[in-house]
Amino acid sequence: MAERQYDWGAIAKNPKFVELHRKKTTFLVGWWVFSTVFYFLLPIGAAYAPGLFKIKILGRINFGYLFALSQFFVSWGIAMYYAHVANKDFDRLTRELVDELK
């Protein structure tokens, strides 16, 4: 079976590939910035606003514990949202591009 040769330069200039790349880059950079800021709020907040992080919320559970725990849920939420967007948009654009290249 002969290996198929692709013109990667032409693929990179294809409007469908350009749209796919732009959408993925916008999505990923936006959520990367959000998650980085959210992550660093924990150590920065604990260092510069310890009073806020010591506020009791429920029994011995304070704001700091809840904020730290929220990072797991935010990460899972972002992952689930990425899977949703990938299935809805990125996969469709990829399929259209592959169909056009066949």
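Residues numbered from 1 in each chain as written. Predicted model: local features only at pLDDT ≥ 70, side-chain atom pairs only at ≥ 80, totals over all residues. Heavy atoms only, no water.

Enquirer: Can you tell me about the UniProt feature "transmembrane region" (unreviewed entry) in the chain, naming the residues and giving the values?
Expert: Those residues carrying the UniProt feature "transmembrane region" (unreviewed entry) are residues 29-51 and 63-83 in this numbering. Secondary structure content for residues 29-51 is 96% helix and 0% strand, and the end C-alpha separation is 32 Å. End-to-end, the C-alpha atoms of residues 63-83 are 30 Å apart, and along that stretch the chain is 100% helix and 0% strand. (UniProt positions renumbered as here; feature names shortened; annotations may be inferred. Helix = DSSP H or I, 4+ residues; strand = E, 2+ residues; numbered from the N terminus.)

Enquirer: Give me the lowdown on the side chain of Asn14, citing residues and values where you can.
Expert: Within the secondary structure layout, Asn14 lies in the loop between helix H1 (8-13) and helix H2 (15-48). On the accessibility criterion, Asn14 (9% relative accessible area) is buried. Within the structure, Asn14 has its side chain in polar contact with the side chain of Glu100 (distance 2.6 Å). Non-local contacts of Asn14, meaning those with residues more than four positions away in its chain, are made with Leu97 and Glu100. (Buried < 20%, exposed > 50% of the residue type's maximum accessible area, 1.4 Å probe, protein only. Polar contact = N/O pair within 3.5 Å; in protein donor to acceptor, adjacent residues only side chain to side chain. Contact = heavy atoms within 4.5 Å.)

Enquirer: Which residues make up the packing of aromatic side chains, and what values do they have?
Expert: Under the defined criterion, the tally for this structure stands at 15 aromatic pairs. On the numbers, 5.6 Å between centres and 35° between planes, the contact of Phe27 with Tyr81 is tilted. Of this pair, Phe27 sits in helix H2 while Tyr81 sits in helix H4 (residues 63-101); the two residues are 54 residues apart in sequence, bridging distant segments of the chain. For Tyr81, a relative accessible area of 40% gives the class partly exposed. Ring geometry for Phe53 and Phe63: centres 5.4 Å apart, planes at 80°, overall edge-to-face. In this pair, Phe53 is assigned in helix H3 (residues 50-53) and Phe63 in helix H4, connecting sequence segments 10 residues apart. Linked through ring pairs, Phe27, Trp31, Phe34, Phe38, Phe53, Phe63, Phe67, Tyr81, Tyr82 and Phe90 together constitute an aromatic cluster. (Phe/Tyr/Trp six-rings, centres within 6.5 Å; stacked < 30°, edge-to-face > 60°.)

Enquirer: Can you break down a nonpolar patch on the surface residue by residue, with the values?
Expert: Taken together, the side chains of Leu52, Ile55, Ile57, Leu58, Ile61, Tyr65, Leu66, Leu69, Phe72, Phe73 and Trp76 present a nonpolar region at the surface, about 1,100 Å² in accessible area. Elements with a minimum of two residues in the nonpolar patch: strand S1 (56-58) and H4. For the nonpolar patch, the leading source of residues is H4, giving 6 residues. Examined against the element boundaries, Phe73 turns out to sit in helix H4. (Patch = residues over 30% accessible without salt bridge, like charges linked within 9 Å, V, L, I, M, F, W, Y side chains within 5 Å. Areas by Shrake-Rupley, 256 points an atom, 1.4 Å probe, with all protein chains shown as cover. Salt bridge = Lys/Arg side-chain N within 4 Å of Asp/Glu carboxyl O.)

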